Amino acid sequence: MDITIHTTPLPHTDPEASLAFWRDTIGFEVRSDVGTGAMRWITVGPVGKPDTCILLAPPFADPGITEEERRVVTEMMAKGTYGWIMLATPDLDAVFEKVQAADAEVVQEPVEQPYGVRDCAFRDPAGNLVRIQQLR
């Protein structure tokens, strides 16, 4: 079979802040932006790689979500345990410096992990954990 990962969703709580982070700080291009207010679905991805996308989506768009589910998701997003993604770059130090300079919340500075990966970690404006590893 020929299957690939095309789009992965991440929740957002503030579409403008998420858009600024993913577009201006990470450098992704905006592929689509639909909806209004907090109910916006924004698709972003790396420039020149149209088959790789992140869908920034409102976490409470499903009309069947209960108040208890809303509470749990809100708590998990605040702790950074609801959404996360792993990215890779050939120049981890340059990416780290750029993201850190944009005042993103640093979770971990670049470090060589005991399992053989060199990476760092940030939180985006919605609290999603963004791990970035060095391509070797």
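Scroll up for the structure.
Residues numbered from 1 in each chain as written. Predicted model: local features only at pLDDT ≥ 70, side-chain atom pairs only at ≥ 80, totals over all residues. Heavy atoms only, no water.

A. Spatial organisation of the sheet that holds strand β2 (residues 29-36). Reading across from one edge, β1-β4-β3-β2 is the order of the four strands in this open sheet, with mixed pairing throughout. Edge positions in the sheet fall to β1 (7-11) and β2, since each has one partner strand and no second. Along the sheet, successive strands turn relative to each other by an average axial angle of 20°, direction set aside. The sheet contact formed by β1 and strand β4 (residues 53-57) spans five bridges and is parallel. By the bridge assignment, Pro 9 is partnered in β4 with Leu 55. Contacts between helix α1 (residues 15-25) and the sheet are confined to β1, β2, β3 (39-45) and β4, with β3 contributing the most and set at about 5° to the helix. (Pairing = 2+ DSSP bridges. Helix = DSSP H or I, 4+ residues; strand = E, 2+ residues; numbered from the N terminus. Axes fitted to C-alpha atoms, helices over the stretch in contact; angles between N-to-C directions. Contact = heavy atoms within 4.5 Å.)

Distances and angles like these do not, on their own, reveal function.
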